[in-house]
Amino acid sequence: VPVVARRTIQDLSLEDGRYFVPKGSTCFINIQAVHHNPELWPKPMKYDPYRFINKTIESYRFLPF
């Protein structure tokens, strides 16, 4: 699943307050982009299941559908 959609149930302010998302908005989350982001994952295109073994993964870096 490369992309999922979610609807907000309350008003949200993102990051440092520069972004406002009103209640009822539809947000598309590009999971594939997150999982292939080199700022989050070293060598993101390499198949490496060992990167998950005995490691704590920071929130929102891995988004199982």
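Now for a description of the structure that goes with this document. (Residues numbered from 1 in each chain as written. Predicted model: local features only at pLDDT ≥ 70, side-chain atom pairs only at ≥ 80, totals over all residues. Heavy atoms only, no water.)

A few points about the pattern of salt bridges
Two side chains with opposite charge may pair up if their charged atoms get near one another. Operational definition: Any carboxyl oxygen of Asp or Glu within 4 Å of a side-chain nitrogen of Lys or Arg constitutes a salt bridge here. Relative accessibility decides the category of a residue: with a 1.4 Å probe and only protein chains considered, values under 20% of the type maximum give buried, values over 50% give exposed, and everything between is partly exposed.
On inspection of all chains with the given rule, the structure shows two salt bridges. Across the salt bridge formed by E15 and R18, the nearest N and O atoms sit 3.9 Å from each other. D16 is the partner of R18 in a salt bridge, and the nearest nitrogen-oxygen pair spans 3.1 Å. Residue class for R18 comes out exposed when judged on its relative accessible area of 56%. Connected via shared salt-bridge partners are E15, D16 and R18.

Description of a nonpolar patch on the surface
Counted only if it meets this: Each patch is built from salt-bridge-free residues with over 30% relative accessible area, joining like charges within 9 Å and nonpolar side chains (Val, Leu, Ile, Met, Phe, Trp, Tyr) within 5 Å. Here the Shrake-Rupley method, with its probe set to 1.4 Å, supplies the accessible areas, and only the displayed protein chains count as covering residues. Strands are runs of DSSP state E lasting at least two residues, helices are runs of H or I lasting at least four, and both sets are numbered from the N terminus onward.
On the surface, a nonpolar cluster with roughly 240 Å² of combined accessible area is contributed by F52, I57 and F62. Within the element layout of this structure, I57 appears in the segment after α1 (31–35). Taking the relative accessible area as the measure of exposure, I57 reaches 32% and is therefore partly exposed.

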